[in-house]
Each structure stands twice: as C-alpha cells, then as structure tokens.
Amino acid sequence: MLPKENSKDTPWIISEGCPVRLDLSNVCQGSLSEMVTEYRISDLTRYMLNPNPTTLEEKVVGCKVFYRRPSRGPFRRFLKKMTGTGRPSNGEDRDFIEEIVSPAKTGVPVFRDSGLNDHFNRIRELLRPYDPVQKRLSSLDREKIEDIKALCEDIGRNRYQLNLQGAIQDKINFVSRSLSTKTKVVANRAYLLNGLFEMRGLNFKTYNGRNSYRLIKFIQDGQVRYCVLSGSYQVEYWVTDVVLINYMHILEQCIRSDQRLREALTNCMNGQALPLKLFFARQIGQEYSLKHLPLMYRQLLSGRTVGQDEWEAIAEALNRFQSVISFNYVPLYGSGRHRLCTNISVMHDLRALTPLKGQIPEVYSEINKKASVSEAGTLYLLDSMMGYQNV
C-alpha cells in the first residue's frame, strides 16, 4: 500500500508486494509463473532503478594533457618487452602527462539581477586572456599531444576525468570555454557501483508523491525477474541487479523511521537543498561498544542492572546485521547553507537481537515495537546522525 499522507512532496520508495494475475505473453517468452507480485514505486525509485544513461552537470576545473612518447628503436622496443618496463599499471606515465588546473574558486555569477550577471560575465571575458591557465592552453603544441581529457570537480571537491570528442584543437577549445563553468556530463546510469547512487540526474523539483509506477516480479524458467511496466503494461526497463530491489525496501523502511532523512529528501523536493549521492553499506565505520552505544539503547538500559556479559552481548549484537544509508546533499538555506551535509541512517535487523531475547526480554520487546517488516527483513532505526563539511 502507498503512504497514507500521499501528498505531492511526500518522499516514499516502494509499496508492499501484492499478488496479481497478469498475462505476460507480451512481456517475455518462456516458462512463466501464473502469479505475479506487483509493487508500486515512486518517481524517485523509478529513477534509481533505471539502467539508462542520465545527464549531470559538473564543473570543469582544468584538464590533463597526454603527450606523445618519443619513438623507440627496434632494440629499445625489444628490451622494453623483455624487461616489462613501460607505463605504470594504471596506464598513466607521469613523465608524459601535464595537469592544468585553474586556481579560481568563483564560477559563473548567479545573482538574481540578470543585468548584473551579464556585467560580470563581460568582465570575465575581458580578463580571460590574462588567466595563466588560458595562456597555457593557448601555448600548447598540438603536434606533441596525444590526447586531452577534461578534469571535472563536484561540490565535494572530488575530481574525475572526462573523455572528450573531436580533434586536439576541439578539445583545447572545449576546456578553454568551459573552465570554471558547469558542463553537461552523461553518466551510464543512476546506480554507479557497490551501493552508490548518483542522485543529481533526477530533477527533484518535478517529484510528485502522488505518482506511482508498476514494478512486477515473476518467475521465468526458474529465475526471479523484475521489470518496470508502463501504463499500458509494456516493459519500460528490466531490473537485472536484484540487489537494487533489496536496497529499495531498506530505503523505504529508513524513510519511514528516520525523520532527518525524510526532511532532507523533502528539502530537495522543495528546492531548499541539492541532492548529491546516496550510498548503501553493510556496516557503519565505527563499531558500537560499551562506551559508545546508540541513544535508544542508552535510554532503554538507563536504571537497569546489566552485567558485564550482557553489555558485551549487546555491543556484539548491535554490530551485526546492519544496513547503513548515507545521503549527501547541500542545503541552500539556513545555518548549513552551501555546506556538504551527510545524513547517516543505521537500520538494524531484529534477528541480531535473538540471543538477547532471554537475557533482557523487556528491551527486546520495546525494540520489537519499533521494527517494521518488509522483504528486506524486520528492521528498526538503530541510529541517525548528521554532519557538515565546508565545500
């Protein structure tokens, strides 16, 4: 079922599965199960599961210039082959690479007055020939260059290389005119790797909590398959990585439990914050111990007589069966304005507490009341924390 408060800016992920009968002959061929499990997913989930490319904006801060290596004679090529010397394992020979990065911290002016923006842009153009980076770009010897890759930097100051199309001069021109400005970059899909999602490809302002889409699960030739259907029951895309579905169930439970995460997503939908990355992990960086217990457990155990063995059993249980969700975003208003904010939610599976059921049944009972059940397990919010980083 969908969230009860199904308003336009209500963040939600996925509903409970409902068994339905569907004719899948127009979806795929083979031995198919008669019963199908149907879920409703939100705009946000539809984006996160989508395997198709997504467009982002990144700031170009410079470039890497890869120079041609001097030609080698037959003997030196033979010696190189026999000794194994040559490029480092990462494929880059630093002796033939020049990194050109602009020290400028300001980008394109974004004042509310468009006339003022135009005025500053004209000043930028007048000063462009005097920029040392621009001077270096204009002095590059194209005949000695093998390739040029742009260097992009996100708001968290993480850099990566961007492959460019065209001739060497085209690449130089691109870097020159894009320096310290935003350029459109195509990512393969929203899901990057190892639990990491790129959230900037979704326009959160267009999110509508009333929208929902069909995700179905069925058995084909003995294998579980998932796909998202259009309104006319045509395949919109297949979800081939089953772990993504598990992530969605965990995220749904997390949003319901963690008010901080819910507010962060709502602020992105209201245009009060910019979303960046969402990351799923199996373990929080720091282990819980007798000296470092979540607030919930400190409150539940306050005033109780707990032996040393029980304390150790509690700490051990809390470090098992975790699901950690980190959401990075940048608030545009308030005390955290233009600072990288990370909200960390630690969801905990109730099965980790099974050994404590007989030792401290009252605590187990209280935790059980806070847990919710989904296909990802019986989870409850163990911990929630938030931190800022200057960017």
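See above for the structure.
These notes cover the structure that comes with them. (Residues numbered from 1 in each chain as written. Predicted model: local features only at pLDDT ≥ 70, side-chain atom pairs only at ≥ 80, totals over all residues. Heavy atoms only, no water.)

1. What to know about the sheet that holds strand β11 (residues 223-229)
Spatial strand order, β1-β2-β10-β11-β12: five strands in an open sheet with antiparallel pairing. Edge positions in the sheet fall to β1 (18-21) and β12 (235-239), since each has one partner strand and no second. Looking at each pair of strands side by side, their axes are set apart by 35 degrees on average, direction ignored. In terms of strand pairing, strand β10 (residues 213-220) meets β11 through seven bridges, oriented antiparallel. Bridged to Leu215 within β11 is Val228. (Pairing = 2+ DSSP bridges. Helix = DSSP H or I, 4+ residues; strand = E, 2+ residues; numbered from the N terminus. Axes fitted to C-alpha atoms, helices over the stretch in contact; angles between N-to-C directions.)

2. Some points on the nonpolar core
Ranked by internal contacts, the top residues of the largest apolar core, which has 46 residues, are Met48, Phe197, Leu215, Leu251, Leu278 and Phe327. With eight residues, helix α6 (residues 243-257) is the single largest residue contributor to this core. Setting aside anything within four residues of it in sequence, one finds Phe197 in contact with Met48, Ala190, Tyr191, Leu244, Tyr247, Met248, Leu276, Lys277, Leu278 and Phe280. Listed in part, the 23 residues of the second largest apolar core include Tyr288, Tyr297, Ala317 and Leu382. (Core = buried A, V, L, I, M, F, W, Y, C linked by side-chain atoms within 4.5 Å. Buried < 20%, exposed > 50% of the residue type's maximum accessible area, 1.4 Å probe, protein only. Contact = heavy atoms within 4.5 Å.)

3. Side note on the pairing of strand β7 (residues 182-187)
Burial along β7 is one-sided: the face carrying Thr183, Val185 and Ala187 is buried and the face carrying Lys182, Lys184 and Val186 is not. When strand β3 (residues 54-67) meets β7, the two strands line up antiparallel, connected through six bridges. Paired with Glu57 across the strands is Lys184, a residue of β7.

4. A word on helix α7 (residues 259-269)
Within α7, burial applies to Leu261, Ala264, Leu265, Thr266, Cys268 and Met269. Here the buried face of α7 lies against α6, β13 (273-281), β14 (322-331) and β15 (339-349). Two or three places before Arg260, at the opening of α7, Asp258 has a side-chain oxygen 3.0 Å from that residue's backbone nitrogen. Looking one or two residues beyond α7, the residue adopting positive phi is Gly271, at roughly 80 degrees. (Polar contact = N/O pair within 3.5 Å; in protein donor to acceptor, adjacent residues only side chain to side chain.)

5. Quick notes on the packing of aromatic side chains
Overall, the coordinates contain seven aromatic pairs when judged by the stated rule. On the basis of an interplanar angle of 20 degrees and a centroid distance of 5.3 Å, the ring pair of Phe327 and Tyr329 is categorised as stacked. Judged by its relative accessible area of 0%, Phe327 is buried. Note on Tyr329: relative accessible area 6%, which makes it buried. Ring pairing ties together the aromatic residues Tyr191, Phe197, Tyr247 and Phe280, which thus form one cluster. Geometry around Tyr213 places Arg46 over its ring, the cationic atom sitting 4.3 Å from the centre. (Phe/Tyr/Trp six-rings, centres within 6.5 Å; stacked < 30°, edge-to-face > 60°. Lys NZ or Arg CZ within 6 Å of the ring centre and 35° of its normal.)

6. Observations concerning the packing of α6 against α7
How two helices pack is summed up by the angle between their axes together with the distance between the axes. Contact geometry of α6 with α7 gives a least axis separation of 5 Å together with a crossing angle of 100 degrees. Viewed along their axes, α6 and α7 adopt a mutual orientation that is roughly perpendicular. For the pair α6 and α7, contact is made by Leu251, Cys254, Ile255, Arg256 and Ser257 and by Gln259, Leu261, Arg262 and Leu265, respectively. Here the contact of α6 with α7 is composed, by residue class, of five nonpolar, two polar and two charged. (Parallel < 35°, antiparallel > 145°, perpendicular 65-115°, else oblique. Nonpolar A, V, L, I, M, F, W, Y, C, P; charged D, E, K, R; others polar.)

7. As for a nonpolar patch on the surface
Taken together, the side chains of Leu116, Phe120 and Ile123 present a nonpolar region at the surface, about 210 Å² in accessible area. The topology assignment puts Ile123 in helix α3 (residues 114-127). (Patch = residues over 30% accessible without salt bridge, like charges linked within 9 Å, V, L, I, M, F, W, Y side chains within 5 Å. Areas by Shrake-Rupley, 256 points an atom, 1.4 Å probe, with all protein chains shown as cover. Salt bridge = Lys/Arg side-chain N within 4 Å of Asp/Glu carboxyl O.)

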